[in-house]
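# Structural characterization, general
Here is what each chain is made of, one letter per residue.
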Amino acid sequence: MEDLFEVSVSERDGASVVTAVGEVDVSTAPELRQKLREQPEGRLVVVDLSDVTFLDSTGLGVLVAARRRSQEGAPPGELHLVVTRPQVTKVLEVTGLSEIFTVHRSLGDALAR
């Protein structure tokens, strides 16, 4: 059975929340990329990965590119991650990306800024 992948966008407390569910890999990353590109410049974008079960290098590339775009926007914005699953945390730590992203343990924490 193939894992279901979904990505949705909502507005919360003046931030865009992009929520991904399932596996973020070479086949699903383009959908996440598109949703992230649609977000307005100059604001906080929170990528909620709480329900992501797998994240490969393609997905990591999408997140890095989105962070770069947010910082280079006019005006600049911020991109934060919500990560609760150990396997996703480990990928971010092993790649060193946990040092460049602001990572939160809950959506509430991310929005509390």
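Above this text you will find the structure in question.
The text that follows walks through the structure, step by step, so that each part is easy to find. Since the model is a prediction, treat every value here as computed from it, not as a measurement. In this convention, every chain numbers its residues from 1, walking through the sequence in written order. Local features are withheld for residues below a pLDDT of 70 in this predicted model, meaning they are given only at 70 or higher, and side-chain atom pairs are given and counted only at 80 or more; totals for whole chains, interfaces and linings count all residues. Excluding hydrogens and water, the side-chain figures rest on all heavy atoms present in the structure.

A few words now on the overall build of the chain. By definition, any uninterrupted DSSP run of H or I lasting at least four residues is a helix, any uninterrupted run of E lasting at least two residues is a strand, and each is numbered from the N terminus. Counting secondary structure elements, the chain contains four helices and five strands. Along the chain direction, N to C, the helices and strands of the chain fall in the order β-β-α-β-α-β-α-β-α. Radius of gyration here is computed from C-alpha atoms only, and the compact-globule reference equals 2.2 Å multiplied by the residue count raised to the power 0.38. Since a compact globule built from 113 residues should have a radius of gyration of about 13 Å, the 13 Å found for the chain is in line with a globular shape. In terms of overall dimensions, the chain has a C-alpha envelope of 40 × 25 × 25 Å along the principal axes. Exposure is judged per residue with a 1.4 Å probe applied to protein chains only, and the accessible area is read against the type maximum: over 50% gives exposed, under 20% gives buried, and values in between give partly exposed. Looking at the chain residue by residue over its 113 residues, the buried ones come to 42%. Here the accessible surface of atoms and residues is derived via Shrake-Rupley with a 1.4 Å probe, and residues count as covered only by protein chains that are part of the display. Accessible surface for the chain amounts to roughly 6100 Å². Of this, 49% is attributable to carbon and sulfur atoms. For the charge count, each Lys or Arg is scored as positive and each Asp or Glu as negative, with His and the chain ends excluded. One atom stands in for each charge, and that atom is NZ of Lys, CZ of Arg, CG of Asp or CD of Glu. The averaged location of the 18 negative side-chain charges in the chain is 4 Å from the averaged location of its 12 positive side-chain charges.

This part takes up the pattern of salt bridges. We count a salt bridge whenever a side-chain nitrogen from Lys or Arg sits within 4 Å of a carboxyl oxygen from Asp or Glu. In this structure the tally under the stated criterion is two salt bridges. Note that E11 and R43 form a salt bridge whose closest N and O atoms lie 2.4 Å from each other. In this pair, E11 sits in strand β1 (residues 6-12) while R43 sits in the loop between α1 (29-37) and β3 (44-55), placing the two residues 32 residues apart along the sequence. Here R85 ties to D51 by a salt bridge, and the two come within 3.9 Å at their closest N and O atoms. Of this pair, R85 sits in the loop between β4 (78-82) and α3 (86-95) while D51 sits in strand β3, placing them 34 residues apart in sequence.

Position of G59 relative to the elements: it lies in helix α2 (residues 57-72). Sequence separation between G59 and R85 is 26 residues; the distance between their C-alpha atoms is 15 Å. Between two residues, a contact is recorded if the distance between any of their heavy atoms is within 4.5 Å. Excluding its chain neighbours within four sequence positions, the residues that come into contact with G59 are V24 and A29.

Orientation is described by axes fitted as lines to C-alpha atoms, over the contacting stretch for helices, and by angles from 0 to 180 degrees between their N-to-C directions. α2 packs onto α1 with a crossing angle of 10° between their chain directions and a minimal axis gap of 9 Å. The orientation of α1 relative to α2 falls into the category roughly parallel. Residue-level inspection shows A29, L32, R33, L36 and R37 of α1 in contact with α2, the latter providing T58, G59, V62, L63, A66 and R69. The cut-offs work like this: below 35 degrees is roughly parallel, past 145 is roughly antiparallel, 65 to 115 is roughly perpendicular, and the gaps in between are oblique.

What follows concerns the packing of aromatic side chains. We call Phe, Tyr and Trp rings a pair once their centres come within 6.5 Å, taking the six-membered ring for Trp, and we label the pair stacked below 30 degrees between planes, edge-to-face above 60, and tilted otherwise. Considering all chains together, one arrives at zero aromatic pairs under this definition. We call a charge positioned over a ring when the NZ of a Lys or the CZ of an Arg lies within 6 Å of the ring centre and within 35 degrees of the ring normal. Above the ring of F101, the side-chain terminus of R67 is found at 6.0 Å from the ring centroid.

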